[in-house]
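Structural features, examined
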Amino acid sequence: LNYGVFVCTTCSGIHREEQHKIKSVGMSTFSTEEIKALERGGNGTAKSIWLAKATQSEGQPPPEGDIPKIRAHIKAKYTQ
């Protein structure tokens, strides 16, 4: 499933550990279709869909820098 969002370096590394496809903005080439998909979607749209009903305790990402909690959050949300 392609979410069409931008993630930080920490989160991209954790997603790669889980074998999720991640592209680097600075080191990858994007097709015209991928750019159009990002323009249609993006982080705001994804958040309004995937986190619309999430409470702070159950679905919001942990604070920046807390890598063990971020890793657990990503695994719970996207791989379990």
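Residues numbered from 1 in each chain as written. Predicted model: local features only at pLDDT ≥ 70, side-chain atom pairs only at ≥ 80, totals over all residues. Heavy atoms only, no water.

**Quick notes on the overall build of the protein chain**
- Check the secondary structure of the protein chain and you find four helices and zero strands.
- Helices and strands appear in the protein chain in the N-to-C order α-α-α-α.
- Dimensions of the protein chain along its principal axes, counting C-alpha atoms only, are 40 × 25 × 20 Å.
- Pairs at least 24 apart in sequence give 53% of the contacts found in the protein chain among residues at least 6 apart. (Helix = DSSP H or I, 4+ residues; strand = E, 2+ residues; numbered from the N terminus. Contact = heavy atoms within 4.5 Å.)

**Overview of the packing of helix α1 (residues 9-17) against helix α4 (residues 67-78)**
- Relative orientation of the contacting elements α1 and α4 amounts to 50 degrees, with a least axis distance of 10 Å. The angle between the axes of α1 and α4 places the two elements in the oblique class. Handedness of the crossing formed by α1 with α4: right-handed. Note on element contacts: α4 touches α1 through Ile67, Ile70, Arg71, Ile74 and Tyr78, opposite Thr10, Cys11, Ile14, His15 and Glu17.
- Among the residues forming the contact of α1 with α4, the class breakdown is six nonpolar, two polar and two charged. (Axes fitted to C-alpha atoms, helices over the stretch in contact; angles between N-to-C directions. Parallel < 35°, antiparallel > 145°, perpendicular 65-115°, else oblique. Left-handed = near helix turned anticlockwise from the far one by under 90°. Nonpolar A, V, L, I, M, F, W, Y, C, P; charged D, E, K, R; others polar.)

**Structural notes on a nonpolar patch on the surface**
- On the surface, Tyr3, Val5, Val7, Ile49, Trp50 and Tyr78 cluster together into a nonpolar patch covering about 530 Å² of accessible area.
- Turning to its location among the elements, Tyr3 is positioned in the segment before α1.
- Residue Tyr3 is classed as partly exposed on the basis of its relative accessible area of 33%. (Patch = residues over 30% accessible without salt bridge, like charges linked within 9 Å, V, L, I, M, F, W, Y side chains within 5 Å. Areas by Shrake-Rupley, 256 points an atom, 1.4 Å probe, with all protein chains shown as cover. Salt bridge = Lys/Arg side-chain N within 4 Å of Asp/Glu carboxyl O. Buried < 20%, exposed > 50% of the residue type's maximum accessible area, 1.4 Å probe, protein only.)

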